Amino acid sequence: LIRDNAEAAEILPYLEKFGERLNKARGRIEKTFGYYNRLATIGTLAQMLVHEVGNNNVIIDRFIRTARTYLKEPEKTEGVMLKHLMNAESALQSLDRLAERFIPLASRGFKRGRRQCSVKEAIETCRIAREKDLERLDIAWETKLASADQAKVDPGELHAVFLNFIDNAIYWLSQKENPKMLRIESRQAGISGQLECRISDNGPGIDKGEESKIFLPGVTKRPGGFGMGLTVIAEIVEGHGGSVLVECPGDLGGATFVFSIPLAT
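A.B. asks: Any chance you could explain the overall build of the chain here in plain terms?
C.D. replies: Helix and strand counts for the chain come out as six helices and seven strands. Along the chain, helices (α) and strands (β) appear in the sequence α-α-β-α-α-β-β-α-β-β-α-β-β when read from the amino end. A total of 265 residues make up the chain; the buried ones form 35% of that total. Here the chain displays about 16600 Å² of accessible surface, and carbon together with sulfur accounts for 54% of that area.

A.B. asks: Where do I start with the side chain of Arg-183 in this structure?
C.D. replies: Mapped onto the elements of the fold, Arg-183 is located in strand 4 (residues 180-188). Since its relative accessible area comes to 15%, Arg-183 is described here as buried. Separated by 3.5 Å, the side chains of Arg-183 and Glu-142 make a polar contact. Ignoring anything within four residues of it in the chain, the contact list for Arg-183 reads Glu-142, Lys-144, Arg-198, Ile-199, Ser-200, Asp-251 and Leu-252.

A.B. asks: Help me understand a nonpolar patch on the surface, please; the structure alone is not making it clear to me.
C.D. replies: Judged by side-chain polarity, Leu-82, Leu-85 and Met-86 come together as a nonpolar surface patch covering roughly 290 Å² of accessible area. Here Leu-82 lies in helix 2 (residues 81-106). Given a relative accessible area of 56%, Leu-82 falls into the exposed group.

A.B. asks: Hey, could you run me through the state of the cysteines in this one?
C.D. replies: Two cysteines, two sulfur atoms, one covalent bond between them: this is a disulfide. For the coordinates displayed, the defined rule picks out zero disulfides. No disulfide involves Cys-117; its sulfur sits 9.9 Å from that of Cys-126, the nearest cysteine. You can call Cys-117 buried: its relative accessible area is 9%.

A.B. asks: Explanation requested: the packing of aromatic side chains in the structure shown.
C.D. replies: In this description, an aromatic ring pair is defined by two values, namely the gap between the centres and the angle between the planes. Counting across every chain of the model gives four aromatic pairs. Seen from their ring centres, Phe-162 and Phe-259 are 5.6 Å apart, and the 65 degrees between their planes marks the pair as edge-to-face. Of the two residues, Phe-162 sits in helix 5 (residues 155-173) while Phe-259 sits in strand 7 (residues 256-262), which places them 97 residues apart along the sequence. For the pair Phe-162 and Phe-259, one class covers both residues: buried. By way of ring pairs, the aromatic residues Phe-162, Phe-165, Phe-257 and Phe-259 are connected into one cluster.

A.B. asks: Please clarify how helix 5 should be interpreted in this entry.
C.D. replies: Because each turn of an α-helix spans 3.6 residues, side chains separated by three or four positions in sequence point in the same direction. Taking 1.5 Å of rise per residue, 19 residues should cover 27 Å, and helix 5 covers 27 Å from first to last C-alpha, within 8% of that figure. For helix 5, a buried count of 15 out of 19 residues is recorded, marking the element as mostly surrounded by other parts of the structure.

A.B. asks: For this particular structure, what's the right way to read helix 6 (residues 229-239)?
C.D. replies: Judged by how many residues are buried, helix 6 sits mostly within the fold: nine of eleven residues are covered. Of the residues making up helix 6, those classed as buried are Gly-229, Leu-230, Thr-231, Val-232, Ile-233, Ala-234, Glu-235, Ile-236 and Val-237.

A.B. asks: Explain the pattern of salt bridges here, please?
C.D. replies: A side chain of one charge can pair with a side chain of the opposite charge when the charged atoms of the two come close. Evaluation of the coordinates by the stated rule reveals ten salt bridges. The shortest N-O distance in the salt bridge between Arg-198 and Glu-247 comes to 2.7 Å. Taken as a pair, Arg-198 in strand 5 (residues 194-201) and Glu-247 in strand 6 (residues 244-247) lie far apart in primary sequence, 49 residues in all. Looking at Arg-198, the relative accessible area reads 8%, which means it is buried.

Basis of the calculations
- Residues numbered from 1 in each chain as written.
- Predicted model: local features only at pLDDT ≥ 70, side-chain atom pairs only at ≥ 80, totals over all residues.
- Heavy atoms only, no water.
- Helix = DSSP H or I, 4+ residues; strand = E, 2+ residues; numbered from the N terminus.
- Buried < 20%, exposed > 50% of the residue type's maximum accessible area, 1.4 Å probe, protein only.
- Areas by Shrake-Rupley, 256 points an atom, 1.4 Å probe, with all protein chains shown as cover.
- Polar contact = N/O pair within 3.5 Å; in protein donor to acceptor, adjacent residues only side chain to side chain.
- Contact = heavy atoms within 4.5 Å.
- Patch = residues over 30% accessible without salt bridge, like charges linked within 9 Å, V, L, I, M, F, W, Y side chains within 5 Å.
- Salt bridge = Lys/Arg side-chain N within 4 Å of Asp/Glu carboxyl O.
- Disulfide = S-S within 2.5 Å.
- Phe/Tyr/Trp six-rings, centres within 6.5 Å; stacked < 30°, edge-to-face > 60°.
- Expected span 1.5 Å × (residues − 1).

If you want it as structure tokens, here you go:
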């Protein structure tokens, strides 16, 4: 206890001890909050997976039952078999796309930070992968990259980040008339040892008030979308100690996504 009229020298040790206890308590609260926040995210992902897998399994099961009937009594399934086959193929493709979205989240067999890659090469690989879409939609592509290039990120994860951003931009740019533009930039971040990347387009952008919600799992305005792209990006970037956010209006009038990743030393 501190006596009345105590001198500053007497009070200071108590304040220091209180500060230590406060920091420990804050650390426990942050850890607990992070734990329950992750549980909430996992719960949302699980609900989405159950819904998507369940719906597509119904379609596939319907085709299997029709196929069994066809093998026994072909005349009863005339004109129906092909329809169910096409639906089943579509369901399988949907499940494949869903699995692809979750691959980066399931990649826990390696320790992050052991590998590194060239940001320039990763971007070029992704551009080539989407070259036909960019040409078909007449989307102008521009890059402005910093000399600092080697990132301490697994190449597969960095590809997943850029491809998700590029795919989003391509979709929304496909909904507007020309001109259409997509720009990717990188520069030394304000934090030492970090590289900042910016992905901008002149699409419709993000609705006001939706800036933080779009990174939550299952949130999407794309018809048939899973709402996993930005969640995957946030998981990868934050897993490397970086951050991701959206600016709207962005550099080109649409959305600008900004994320940071560690540079290789």
